[in-house]
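Chain and residue survey
Each chain, letter by letter, is given below.
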Amino acid sequence: MTARLDADPAGGNPTAAHRPPGFVDLHSHSTASDGALAPAEVVETAARAGLAALALTDHDTLAGVAAAREAGERLGVRIVAGVELSLMDGDKEVHMLGLHIARVDALQAELEAVRDSRKSRAEQIVAKLNALGVPLTVDAVFVQAAGGAVGRPHIARALIAGGWVRDQREAFDKYLGAGRPANVEKQRITIADGIRLIHECGGLAVIAHPGGDGRRERVEPLVALGLDGLEVKHPGHSGEDTLRIAALADFFGLVKSGGSDWHGATNGPRVLGGMQVPEEWLDRQDARLEKRRTAAVA
Ligand code: MN
Ligand code: MN
Ligand code: MN
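What counts as what
- Residues numbered from 1 in each chain as written.
- Chains lettered and ligands numbered in written order.
- Predicted model: local features only at pLDDT ≥ 70, side-chain atom pairs only at ≥ 80, totals over all residues.
- Heavy atoms only, no water.
- Helix = DSSP H or I, 4+ residues; strand = E, 2+ residues; numbered from the N terminus.
- Buried < 20%, exposed > 50% of the residue type's maximum accessible area, 1.4 Å probe, protein only.
- Contact = heavy atoms within 4.5 Å.
- Areas by Shrake-Rupley, 256 points an atom, 1.4 Å probe, with all protein chains shown as cover.
- Axes fitted to C-alpha atoms, helices over the stretch in contact; angles between N-to-C directions.
- Parallel < 35°, antiparallel > 145°, perpendicular 65-115°, else oblique.
- Nonpolar A, V, L, I, M, F, W, Y, C, P; charged D, E, K, R; others polar.
- Donors = N, O, S within 2.8 Å, 3.2 Å for Na, K, Ca; no water.
- Core = buried A, V, L, I, M, F, W, Y, C linked by side-chain atoms within 4.5 Å.
- Right-handed = clockwise from strand over helix to strand, strands pointing away.
- Pairing = 2+ DSSP bridges.
- Salt bridge = Lys/Arg side-chain N within 4 Å of Asp/Glu carboxyl O.

A tally of regular secondary structure across the protein chain gives 11 helices and 8 strands. Viewed in the frame of its principal axes, the protein chain has a C-alpha envelope of about 65 × 50 × 40 Å. Considering the protein chain as a whole, with its 298 residues, one finds that 47% of them fall into the buried category. For the protein chain, restricting intrachain contacts to residue pairs at least 6 apart in sequence, the fraction spanning at least 24 positions comes to 70%. Looking at the protein chain as shown, the accessible area adds up to about 13,800 Å², and 53% of this sits on carbon and sulfur atoms.

What follows concerns the packing of helix α6 (residues 152-161) against helix α7 (residues 168-176). For the pair α6 and α7, the least separation of the axes is 9 Å and the interaxial angle reads 105°. With respect to α7, the axis of α6 lies roughly perpendicular. Residues R152, P153, I155, A156, R157, L159 and I160 of α6 lie in contact with α7, whose contacting residues are Q168, A171, F172, Y175 and L176. Of the residues in the contact of α6 with α7, the class split is 9 nonpolar, 1 polar and 2 charged.

A few words now on the coordination of the manganese ion (ligand 1). Of the protein atoms, only D34 (OD), H59 (NE2) and H263 (NE2) coordinate the manganese ion (ligand 1), at distances of 2.1 to 2.2 Å. For the manganese ion (ligand 1), all donor residues lie on one chain, and their spacing in sequence is D-x24-H-x203-H. In this structure, the manganese ion (ligand 1) lies 4.8 Å from the manganese ion (ligand 3). Within this pair, whereas H59 is found in the loop between β2 (53-56) and α3 (65-75), its partner H263 is found in the loop between β7 (255-258) and β8 (277-278), the two being separated by 204 residues in sequence. Its relative accessible area of 22% is what places H59 among the partly exposed residues.

Here the focus is the coordination of the manganese ion (ligand 2). Protein-derived ligands of the manganese ion (ligand 2) are E84 (OE), H95 (ND1) and H209 (NE2), with the metal-ligand distances lying across 2.1 to 2.3 Å. The sequence pattern formed by the donor residues of the manganese ion (ligand 2) is E-x10-H-x113-H. The distance between the manganese ion (ligand 2) and the manganese ion (ligand 3) comes to 3.7 Å, and E84 binds to both of them. Linking H95 in strand β4 (residues 92-99) with H209 in the loop between β5 (204-207) and α9 (216-224), this pair joins segments that are 114 residues apart in sequence.

Counting 47 residues, the largest nonpolar core has L62, M96, I101, L107, L227 and L230 as its most contacted members. Counting residues in each nonpolar core, the second largest holds 19 residues, with I125, V134, V150 and V184 among its members.

Moving on: the pairing of strand β6 (residues 229-233). Along β6, 4 of the 5 residues are buried, which leaves the element largely enclosed by surrounding structure. The handedness of the β5 to β6 crossover, carried by α9, is right-handed. Sheet topology places β6 next to β7; 4 bridges connect them, and they run parallel. Looking across to β7, one finds that E231 is bridged to S257. With respect to chirality, the unit in which β6 leads through helix α10 (residues 239-252) into the neighbouring parallel β7 is right-handed.

In spatial order, the strands read β7-β6-β5-β4-β3-β2-β1-β8; together these 8 strands make up an open sheet with mixed pairing. Two strands lie at the open edges of the sheet, namely β7 and β8, each paired on one side alone. Running at roughly 150° to β2, helix α2 (residues 39-48) makes contact with β2 and β3 (78-89) of the sheet. In this fold α10 packs onto β6 and β7, with an angle of close to 150° to the strand it touches most, β6.

On to the pattern of salt bridges, then. All told, the structure shown has 19 salt bridges when counted by the stated rule. We note a salt bridge from R284 to E280, for which the minimum N-O separation is 3.0 Å. Of the two residues, R284 and E280 both sit in helix α11 (residues 279-297), 4 residues apart, roughly one turn of that helix. By relative accessible area, which is 40% here, E280 ends up partly exposed. Three or more residues joined by partner-sharing salt bridges are found here, namely D89, K92, D213 and R218.

Moving on, we get to the pairing of β2. Of the two faces of β2, the one holding A53 and A55 and the one holding L54 and L56 are both buried throughout. Note that strand β1 (residues 23-25) and β2 share 2 bridges and pair parallel. Paired with D25 across the two strands is L54, which belongs to β2. As for the winding sense of the linkage, the β-α-β connection from β1 through α2 to β2 is right-handed. Relative to β3, β2 is paired through 4 bridges, and the arrangement is parallel. Among the inter-strand pairings, A53 is bridged to a residue of β3, identified as R78.

Written as structure tokens, this is what we have:
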């Protein structure tokens, strides 16, 4: 991989190469979550694309931030410590970027605690199944999850493998579904808790790719919760989305953000730097943080 990238000065990233300075990318993923490249390689790609700054925003983890910072220092790319949280707004999942996280270790510890509670949810479900006379073990469930995050589908597969049910449907109808005897509610971070957590760790809370939900009636309650910004530029946004969300940010006095949501694409708008986010938007984010710090001291 490295040899091939070295042989190609554009790094397999032709549309973003040789761009004049002054652009940033504030949404990217590495192998710390579901991206294709290791954190240092993401930063190397950002350097080759001529980006002034990069936010690493892996899903629900900051495990890649330290390595990205190291590479950023070496290559002269400013690294914004970030994360993309999956939060619950009622029964709807909302992705929230936490940008400029100052207390990386503290936030990482919180997120690990939530992951552990998911593991103990599986243990609680297994205990209920045992009480119902199904001798399923926690180990049999973990085998199905193969080291990943444990969910009810893994428990259903373990039930099928053990011959206690015929298929997923029977597993949910008989045991695991809402209101069934072995159901345990999932522990999720609510949108209010997510914003509070990001603030406690020194960051800005920015709604990721709001798209069609980027409307006044959806955003207003979140502004009341302390929301800091909206992701305006994102490859999933239509031109109309981008204009409407930018206007909404101005209306509520929120900062704008943007990025390619890079997972490793080598062409199209999802290439790293492909959204051409102006560095000035990052300056505004810095100013908002500075204002908050000053207010905290006063
Ligand atoms: Mn992803
Ligand atoms: Mn997302
Ligand atoms: Mn993303």
